[in-house]
Amino acid sequence: MRKSIFGLLLILSMVAIACGGGLEGEEVLMFGAPATDGPDGKAIQASFDAFEEETGIIVTYVGSENFESEVQAQMEAGNPPDIALWPQPGAVRDAAERGFLIPMADLDVDMDAYRTNFSSYLVGLGEVDGVAYGGAHAVNLKSIVWYQPAEFEKRGYAIPATWDEMIALADQILAEGMTPFCFGMYSNGATGWLATDWMEDIMLRTGEGTASYDQWVNHDIPFNDPIVKNAATLLSQIMHTDGYVVGGTDAIVSTFFGNAQDPMFERDANGNPGCFMHRQASFIPGFWPEEAKEGLGTETTSFPFPAIESGLPPAALGAGDMWGVFNDRDATKAVVEYMLSPDYFTAIATNVNDAGSTRISAHTGFDTSLYWSPVVQAQAAVLSDALAANSFRFDGSDNMPPAVGAGSFWVEMTELAVNGPSYIDTALDNIENSWP
Amino acid sequence: MENNLKNRLFSTGIRIIAFALFPLIWFMTQAILFRELSKTADRWLLITLAILVGSSFIFILYLGMNKLISYAPNQYQEALFGAMFVGPAIFLLSLFLFYPAIRTIYLSFFDNRGENFIGFENYRWSITDPSMLITIRNQIFWLVGVVLLVILFGLVVAYLSDRLKRGEAFFKSIIFMPMAISAVGSSAMYKFIYEYRPPPLTQIGLINGLRVSRGFADDGSKCGNNTFTDNGEKIGYTSDGCEVPVGWLQQRDLQNFPLFENLDPGNTFLNLLSNLPLNTILLMIIMVWMFTGFAMVVFSAAIKAIPEEIVEAGRIDGASEGRIFLSVVMPYIRSTIIVVATYLTISVLKAFDIVFVTTRGDFESNLLAVKMLDEYFKFLNQGRSAAVAVIIFICVIPIILLNVFRNKAENTI
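Rules used in this analysis
- Residues numbered from 1 in each chain as written.
- Chains lettered and ligands numbered in written order.
- Predicted model: local features only at pLDDT ≥ 70, side-chain atom pairs only at ≥ 80, totals over all residues.
- Heavy atoms only, no water.
- Contact = heavy atoms within 4.5 Å.
- Buried area = accessible area lost by both parts, 1.4 Å probe.
- Salt bridge = Lys/Arg side-chain N within 4 Å of Asp/Glu carboxyl O.
- Domains from an automatic or database assignment.
- pLDDT = per-residue confidence, 0-100.
- Helix = DSSP H or I, 4+ residues; strand = E, 2+ residues; numbered from the N terminus.
- Core = buried A, V, L, I, M, F, W, Y, C linked by side-chain atoms within 4.5 Å.
- Buried < 20%, exposed > 50% of the residue type's maximum accessible area, 1.4 Å probe, protein only.
- Polar contact = N/O pair within 3.5 Å; in protein donor to acceptor, adjacent residues only side chain to side chain.
- Phe/Tyr/Trp six-rings, centres within 6.5 Å; stacked < 30°, edge-to-face > 60°.
- Lys NZ or Arg CZ within 6 Å of the ring centre and 35° of its normal.
- Disulfide = S-S within 2.5 Å.
- Expected span 1.5 Å × (residues − 1).
- Pairing = 2+ DSSP bridges.
- Lys, Arg positive; Asp, Glu negative; His and termini not counted.
- Axes fitted to C-alpha atoms, helices over the stretch in contact; angles between N-to-C directions.
- Parallel < 35°, antiparallel > 145°, perpendicular 65-115°, else oblique.
- Nonpolar A, V, L, I, M, F, W, Y, C, P; charged D, E, K, R; others polar.

1. Regarding the interface of chain A and chain B
Size of an interface, as often reported, equals the accessible area lost when the parts are brought together.
Then, in step 1: Residue-level contacts link 41 residues of chain A with 37 residues of chain B.
Then, in step 2: Roughly 3,200 Å² of surface becomes buried between chain A and chain B when both sides are summed, with 62% attributable to carbon and sulfur atoms.
Then, in step 3: In this structure, the connection of chain A to chain B is made through four salt bridges.
Then, in step 4: The salt bridge partner of B:Arg252 is A:Glu415, with a shortest N-O separation of 2.5 Å.

Here's what the structure looks like:
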């Protein structure tokens, strides 16, 4: 018996001695939230396939719906992927603070070039105590209002350039017996984020613009500051003016955000759409019904969120993902270098495998004419300009402490939607008190 | 005397070698081997080896321990063999159950990252924070409501189906069927039943679909769920007077319903009733629907075990059907009811899937198990999450104790 065990051990140890050299055939695993076989997952993999052809390094992208909890467990267990792609930079900073991530500077990254290419604002989002840990990946645009040009033209409506024009247009639509806005903020476990997005867009265009926005996000001004209160009042004007939103105020919290725009594609007996304007981020076409998706860019397109207070430069609200690196193997370093080059996004932007991803590169040097869809091109141009002009701001609730940004801010905005304008002060006071 | 001491020392030595050193060395060789192998070896080779070596792991472990114990003095061997068979089970239990439990209790006294000791702060939070209070309220609703309703429905169905002359098996399998569907599956199904779409979209939810397609509008036209007449005219439900669809899972009270609008503050009953958490009750229905079949099967078996003579005797003495149920059947199946209630109580305390799939805790519908997860993964607070876990654990303890004592009492009789 004993002999046979030793024999087995000997054989096994001999098998174990086998080594490869160079980076050829090295495997790198990237783990993220977009599903592996979804449009974004497929596009990311296509980009890495091109990289593999060039270098021989095999990069595999794996996506999971429960990415955030899974990666958390993997980090705790000491078994993380090589690279993780987080949907928000806040999680990258959290992982860095807990000592799981390798600083970008230790990965042979030229930090000056990185800052120039991706704007110091974006790089700063992945920094802890001045050390950059996160790599900017893609950005999306939230400051847009979706509409159907044909319906606007037919009735002689003009695209509103200011808040007052938008309200005037809404009143006109209302007077003509129709509903101006689609508005739905139900989202499993995250109900309220749509209203926080509205708040952020309004905050960027009121007070001192980006300056007061940053103070607000960093809690340098209290949450019940008059500037914030003004923003909440403007939002409440949309949510609570009688007849402004589809289905009335009660419907706002019951409507799943992904279905919210569907009334725009419906026609009533008189041929009128269920609503005319829907403020939602650039990813929403993914939720549209199939027929509506085909009309993206022609039947249904978007205009920029209107300016509110005059004298403020145009700003763009957006979100984006960011990756962090868990080891400094040579193969991982090579992948990092590739992801920071404009080449990385070519396959994604040109829709090489027909995946249909609408991701926009965070690289300001990326040629926006490469994007396959005119809608994405337009959004990319806005984002690229905003990044270069430092007027791009990241979704503020993602950068607040989770107890606020994923907690009280969502909850109180939902309460505000339910309870009406008289609740504004209570909502803001409650959020202020919950700030840790 | 001296011999005895020598024997004892010797057996202690054997004990250490057999139960600690040998398993440790054996385990470490395996661990190191596979760790090294997994870096280089081919994936398929690794899988084959893992199955071959891994499955013989326990076999070789017992073989070695057996051999070692056989060297021990005879009078100790029996006890040692006993320990040998219990040992691995206790070891695994402590590794995967006791250790995490103790670690969780320990973490519940620390801050969000488990770094600084903060005493009972997490527990103070768990009984003062409004969202926690709502969660605890819901948990109590579930505990009382689900357990009582499942037992009630289970008993009624079991008792009645027992009386059926034909088709009892068919009838019971229909009731039992939901038990065969996973909790996630049932929740997804009920999510469609409660689904809401903003008007003027077609309601795809069962309840809203029925709701909007009945009645007439104020102008006398029919209301419909976007159906079409023969000449192609669309019948919608957006005209005044038609029923409005309701987001069922978003109704945390009844205040949006006509009966409860403009309540007279003096009417205490209606005022209390208007605060009934509708969505929580709608979610409880899912669990009742799932578990009634289980309760029915267990009760049915218990009812069938009642000797026919006793029931006959009751009948001859002129007892009514209700009397027989209360005085003859009930005492017989009381212990079964307690077992089912115990199982249900623990299931409700662990209930997670239903809320997770349907509302994920929004609109005041959260439960402790989901809250525990949220605190950890959403709010990144280990301490609070651990505290919620400990609260669930504490709630289970009395039920376990109750069962242990009940078993003991029954054994002594």
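2. Things to note about the domain arrangement of chain B
Then, in step 1: For chain B, the domain assignment lists domain 1 (2-91) and domain 2 (124-185 + 278-412).
Then, in step 2: Placing a centre on the C-alpha atoms of domain 1 of chain B and another on those of domain 2 of chain B gives a separation of 43 Å.

3. A word on the confidence of the model for chain B
A low pLDDT means the predicted coordinates there should not be read in detail.
Then, in step 1: Taken residue by residue, chain B gives an average pLDDT of 88. The fraction at 70 or more is 99%.
Then, in step 2: Put simply, helix α1 (residues 2-40) of chain B is where chain B has its lowest mean pLDDT, 81, and helix α10 (residues 278-304) of chain B is where it has its highest, 95.

4. Side note on the nonpolar core
Then, in step 1: Ranked by internal contacts, the top residues of the largest apolar core, which has 140 residues, are A:Trp86 and A:Trp216.
Then, in step 2: Residue assignment places this core across two domains, with domain 1 (25-140 + 319-394) and domain 2 (144-314 + 400-434) of chain A each supplying three or more.

5. Thoughts on the pattern of salt bridges
One side chain can pair with another of opposite charge once the charged atoms of both are near each other.
Residues and elements named next belong to chain A.
Then, in step 1: The final tally for this structure, using the stated rule, is 35 salt bridges over all chains.
Then, in step 2: With a closest N to O distance of 3.3 Å, Asp-425 and Lys-229 form a salt bridge. You can see Asp-425 sitting in helix α20 (residues 424-434) and its partner Lys-229 sitting in helix α11 (residues 226-240), a full 196 residues away along the chain.
Then, in step 3: Overall, Lys-229 belongs to the partly exposed group, its relative accessible area being 32%.

6. A short note on unusual backbone geometry
Then, in step 1: Of note, the amide linkage connecting B:Pro199 to B:Pro200 takes the cis form, showing an omega dihedral of 10°.
Then, in step 2: Within the element layout of this structure, B:Pro200 appears in the loop between α7 (183-193) and α8 (206-212).
Then, in step 3: For A:Asp129, which is not a glycine, the phi torsion comes out positive at approximately 50°.
Then, in step 4: Even without a glycine there, the phi angle at B:Leu380 is positive, about 50°.
Then, in step 5: Among the secondary structure elements, B:Leu380 is positioned in the loop between α14 (368-377) and α15 (382-412).

7. Side note on the environment of B:Met177
Then, in step 1: Tracing the sequence through the fold places B:Met177 in the loop between α6 (168-176) and α7.
Then, in step 2: C-alpha separation for the pair B:Met177 and B:Asn4, spaced 173 residues apart in sequence, amounts to 64 Å.

8. Observations concerning the domain arrangement of chain A
Residues and elements named next belong to chain A.
Then, in step 1: When cut into domains, chain A gives domain 1 (25-140 + 319-394) and domain 2 (144-314 + 400-434).
Then, in step 2: The distance between the C-alpha centroids of domain 1 and domain 2 comes to 29 Å.
Then, in step 3: With six residues of domain 1 in contact, the opposing surface of domain 2 contributes 11 residues.
Then, in step 4: Of the roughly 830 Å² buried between domain 1 and domain 2 on both sides combined, carbon and sulfur atoms contribute 56%.
Then, in step 5: Contact with domain 2 buries surface across domain 1, with Val-375, Gln-379 and Arg-393 losing the most and accounting together for 57% of the total.
Then, in step 6: Linking domain 1 to domain 2 there are one salt bridge.
Then, in step 7: In this structure, the salt-bridge partner of Arg-393 is Asp-214, at a minimum N-O distance of 2.9 Å.
Then, in step 8: Linking domain 1 with domain 2 are three residue pairs in polar contact (both at pLDDT 80 or more).

9. Remarks on the packing of aromatic side chains
Then, in step 1: The full count for this structure, using the stated rule, is 53 aromatic pairs over all chains.
Then, in step 2: In this structure an aromatic cluster arises from ring pairing among A:Phe48, A:Phe51, A:Tyr338, A:Tyr344, A:Phe345, A:Phe366 and A:Tyr371.
Then, in step 3: The ring of B:Phe216 carries B:Lys222 above its face, with NZ or CZ at 5.6 Å from the centroid.

10. Some words on the state of the cysteines
Residue and element names in this part refer to chain A.
Then, in step 1: In the structure shown here, the tally under the stated rule is two disulfides over all chains.
Then, in step 2: Across the disulfide from Cys-182 sits Cys-275; the S-S distance is 2.0 Å. The sign of the S-S torsion, about -95°, decides the handedness of the disulfide formed by Cys-182 and Cys-275: left-handed. Linking Cys-182 in the loop between α8 (163-175) and α9 (193-204) with Cys-275 in the loop between α13 (262-265) and β8 (278-279), this pair joins segments that are 93 residues apart in sequence.
Then, in step 3: You can call Cys-182 buried: its relative accessible area is 3%.
Then, in step 4: Note on Cys-275: relative accessible area 1%, which makes it buried.

11. Topic: the side chain of A:Ser357
All names here are of chain A.
Then, in step 1: Structurally, the position occupied by Ser-357 is in the loop between α16 (346-349) and β11 (360-361).
Then, in step 2: Looking at Ser-357, its side chain comes within polar contact range of the main-chain nitrogen of Arg-359, at 3.2 Å.
Then, in step 3: For Ser-357, the residues in contact, after removing those within four places along its chain, are Pro-39, Asp-40, Ala-43, Ile-348, Asn-351 and Trp-372.

12. Thoughts on α11(A)
All names here are of chain A.
Then, in step 1: Taking 1.5 Å of rise per residue, 15 residues should cover 21 Å, and α11 covers 20 Å from first to last C-alpha, within 8% of that figure.
Then, in step 2: All buried positions along α11 are accounted for by Ile-227, Val-228, Ala-231, Ala-232, Leu-234, Leu-235, Ser-236, Ile-238, Met-239 and His-240.
Then, in step 3: Tucked into the core, α11 has its buried residues touching α8, α9, α10 (210-217), α12 (249-254), α19 (402-419) and α20.
Then, in step 4: For α11, the side-chain oxygen to backbone nitrogen distance between the N-cap and Ile-227 is 3.0 Å, and the N-cap itself is Asp-225.

13. Things to note about the sheet that holds β8(A)
Sheet strands pair via backbone hydrogen bonds, and the direction of the pair is either parallel or antiparallel.
Residues and elements named next belong to chain A.
Then, in step 1: Taken together, three strands build an open sheet; the order of strands is β8-β7-β9 and the sheet is antiparallel. Strands with a single pairing partner mark the edges of an open sheet, and in this sheet they are β8 and β9 (301-304).
Then, in step 2: Of the strand pairs in this sheet, strand β7 (residues 144-147) and β8 are connected by two bridges, and their pairing is antiparallel. Opposite Val-145, over in β8, you have Arg-279 as the bridge partner.

14. Notes on the side chain of B:Asp111
Residue and element names in this part refer to chain B.
Then, in step 1: Within the secondary structure layout, Asp-111 lies in the loop between α3 (74-107) and α4 (121-128).
Then, in step 2: For the buried Asp-111, no salt bridge is present, and the opposite-charge side chain at shortest range is Arg-113, 7.9 Å distant.
Then, in step 3: Looking at Asp-111, its side chain comes within polar contact range of the main-chain nitrogen of Glu-115, at 2.9 Å.
Then, in step 4: A distance of 3.0 Å separates polar atoms of two side chains, one belonging to Asp-111 and the other to Asn-116.

15. A short note on the packing of α9(A) against α10(A)
Residues and elements named next belong to chain A.
Then, in step 1: Relative to each other, α9 and α10 sit at 135°, their axes nearing to 8 Å. It follows from the interaxial angle that α9 and α10 lie oblique. In this structure, α9 contributes Met-199, Glu-200, Met-203 and Leu-204 to the contact, and α10 contributes Thr-210, Ser-212, Tyr-213 and Trp-216.
Then, in step 2: Tallied by class, the residues present in the contact of α9 with α10 amount to five nonpolar, two polar and one charged.

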